[in-house]
Amino acid sequence: MTRLVELVGAGYAYEDGPVVLSGVDFGIAEGRALVLLGRNGSGKTTLMRMLSGGLRPVPGELRLDGTAVAYDRAGLTRLRTSVQLVVQDPDDQLFAASVEQDVSFGPMNMGLPAEEVRARVDSALAALDITALRDRPTHLLSYGQRKRAAIAGAVAMAPRVLILDEPTAGLDPDGQERLLDVLARLRAAGTTVVMATHDVDLAVRWADDAAVLTPSGIRVGPARELLSDPELLASAGLRQAWSPAVTSFLRARALLGADAAGPKTPEALAAWA
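Calculation notes
- Residues numbered from 1 in each chain as written.
- Predicted model: local features only at pLDDT ≥ 70, side-chain atom pairs only at ≥ 80, totals over all residues.
- Heavy atoms only, no water.
- Helix = DSSP H or I, 4+ residues; strand = E, 2+ residues; numbered from the N terminus.
- Expected span 1.5 Å × (residues − 1).
- Contact = heavy atoms within 4.5 Å.
- Buried < 20%, exposed > 50% of the residue type's maximum accessible area, 1.4 Å probe, protein only.
- Pairing = 2+ DSSP bridges.
- Phe/Tyr/Trp six-rings, centres within 6.5 Å; stacked < 30°, edge-to-face > 60°.
- Core = buried A, V, L, I, M, F, W, Y, C linked by side-chain atoms within 4.5 Å.
- Axes fitted to C-alpha atoms, helices over the stretch in contact; angles between N-to-C directions.
- Parallel < 35°, antiparallel > 145°, perpendicular 65-115°, else oblique.
- Left-handed = near helix turned anticlockwise from the far one by under 90°.
- Nonpolar A, V, L, I, M, F, W, Y, C, P; charged D, E, K, R; others polar.

## Section: helix α4 (residues 114-127)
Along its 14 residues, α4 runs 20 Å from first to last C-alpha, staying within 8% of the 20 Å computed at 1.5 Å per residue. Of the surrounding secondary structure, the elements contacted by the buried residues of α4 are α3 (99-109), α5 (143-155) and α6 (173-188). With its phi angle positive at about 60°, Asp-129 sits one or two positions after the end of α4.

Right under this line is the structure:
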């Protein structure tokens, strides 16, 4: 699989702090939904900030399309037109007076013509289903609306890779499902999506691939296979996902064939039963 962006031999330590990541070889494959999991302090946020250019790996390098990223203005501009990070708290990202002004900030800074900026803003607002909020002051938005406005600002940059830090945190179940619908539409339009989460059930249901950060390193593989490993999950401070646990239970009692896929949601289990 083609890796759009990747870290090679990468490490990072904060000033006067311990080494957070060391010897990391990790990439984001084009067209895959990737989920990042690990306990607090495992390095997920540091990893995402390195992938998006916010932190520079020392040692190691970040590559975009196989070419090392230069940490000058031109190099970072090239990276950020391809990779966008949306942080967990939308209030750390939203700063303009209105939704439209906030979403237009990135494209305007790219020096795009006004017509293209307008088209990108219109498209991003529509993709996040917040067109009606175009003129709304950002401080008057609900939490879920602020989440979507922050994502719209990243989408307006037309990135090839969208990295989201805990995008469903703080959302009610309806808000989570609406956001997942948005991400499905973005993926269908060609955006590669990466999500950091502590929700293992969501990860199993949503992702193609998973990267689990543990004290011994990063394990990467197919999400359903990797997140069915109880020892790996325990080492990362994660509980076992509902779906693999039920599937294992059914197979142990000969209620499900060895090659059959188990139910992914309680609703699917009810229908299967």
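More follows now that the structure is in view.
## Comments concerning unusual backbone geometry
Among all residues except glycine, the phi angle is most often negative; among peptide bonds, the trans geometry is most common. Note the cis peptide between Val-58 and Pro-59, where omega equals 0°. Secondary-structure assignment places Pro-59 in the loop between α1 (44-51) and β4 (61-64). Residue Asp-16 is not a glycine yet carries a positive backbone phi of 60°. Position of Asp-16 relative to the elements: it lies in the loop between β1 (3-13) and β2 (19-29). Looking at Asp-16, the relative accessible area reads 81%, which means it is exposed. Positive phi, close to 50°, is recorded for Glu-166, a residue that is not glycine. Along the chain, the position of Glu-166 falls in the loop between β7 (161-165) and α6. Owing to a relative accessible area of 9%, Glu-166 belongs among the buried residues under this scheme.

## Some remarks on the sheet that holds β4
A sheet is described by the order of its strands in space; here four strands give the open sequence β2-β1-β4-β5, paired in antiparallel fashion. Two strands close off the open sheet at either side, each with one partner strand: β2 and β5 (67-68). Across two bridges, the pairing between β4 and β5 is antiparallel. Across the sheet, Leu-64 pairs through a bridge with Thr-67, a residue of β5.

## Concerning the packing of aromatic side chains
The tally for this structure, following the rule as stated, stands at two aromatic pairs. Measuring from ring centre to ring centre gives 4.9 Å for Tyr-12 and Tyr-14, while their planes differ by 75°; the resulting arrangement is edge-to-face. Residue Tyr-12 is classed as buried on the basis of its relative accessible area, which comes to 16%. Classification of Tyr-14 as partly exposed rests on a relative accessible area of 36%.

## Observations regarding the nonpolar core
One finds Leu-37, Trp-206 and Leu-227 to be the most contacted residues of the largest nonpolar core, which totals 49 residues. Element by element, the count of residues in this core is highest for α5, at six residues. With 30 residues, the next largest nonpolar core counts Met-50, Leu-62, Val-87 and Val-161 among its residues.

## A short note on the packing of α3 against α4
Between two packed helices, the angle of one axis relative to the other and the distance separating the axes together describe the packing. Relative orientation of the contacting elements α3 and α4 amounts to 125°, with a least axis distance of 9 Å. On the basis of the axis angle, α3 is oblique to α4. Considering only the axes of α3 and α4, their crossing is right-handed. Across from Val-99, Glu-100, Val-103, Ser-104, Pro-107 and Met-108 in α3, the residues of α4 making contact are Val-117, Arg-118, Arg-120, Val-121, Ala-124 and Leu-125. The residue makeup of the contact of α3 with α4, split by class, is eight nonpolar, one polar and three charged.

## With respect to the sheet that holds strand β10 (residues 217-222)
The strand order across the open sheet formed by six strands is β6-β7-β8-β3-β9-β10, and the pairing between neighbours is mixed. Across the chains shown, the open sheet's two edge strands, defined by having one partner strand only, are β6 (83-86) and β10. In this sheet, adjacent strand axes meet at a mean angle of 15° when their direction is disregarded. Contacting β3 (34-37), β6, β7, β8 (192-196), β9 (209-214) and β10, α1 runs over the sheet at an angle of about 155° to β7. Relative to β8, α6 is tilted by about 150°, and along the sheet it contacts β7 and β8.

## Quick word on the environment of Val-161
Following the sequence through the fold, Val-161 ends up in strand β7. Considered as a pair, Val-161 and Arg-80 are 81 residues apart in the sequence and their alpha carbons are 9.5 Å apart. Not counting residues within four places of it along the chain, the set of residues in contact with Val-161 comprises Leu-4, Ile-28, Ser-82, Val-83, Gln-84, Thr-192 and Val-194.

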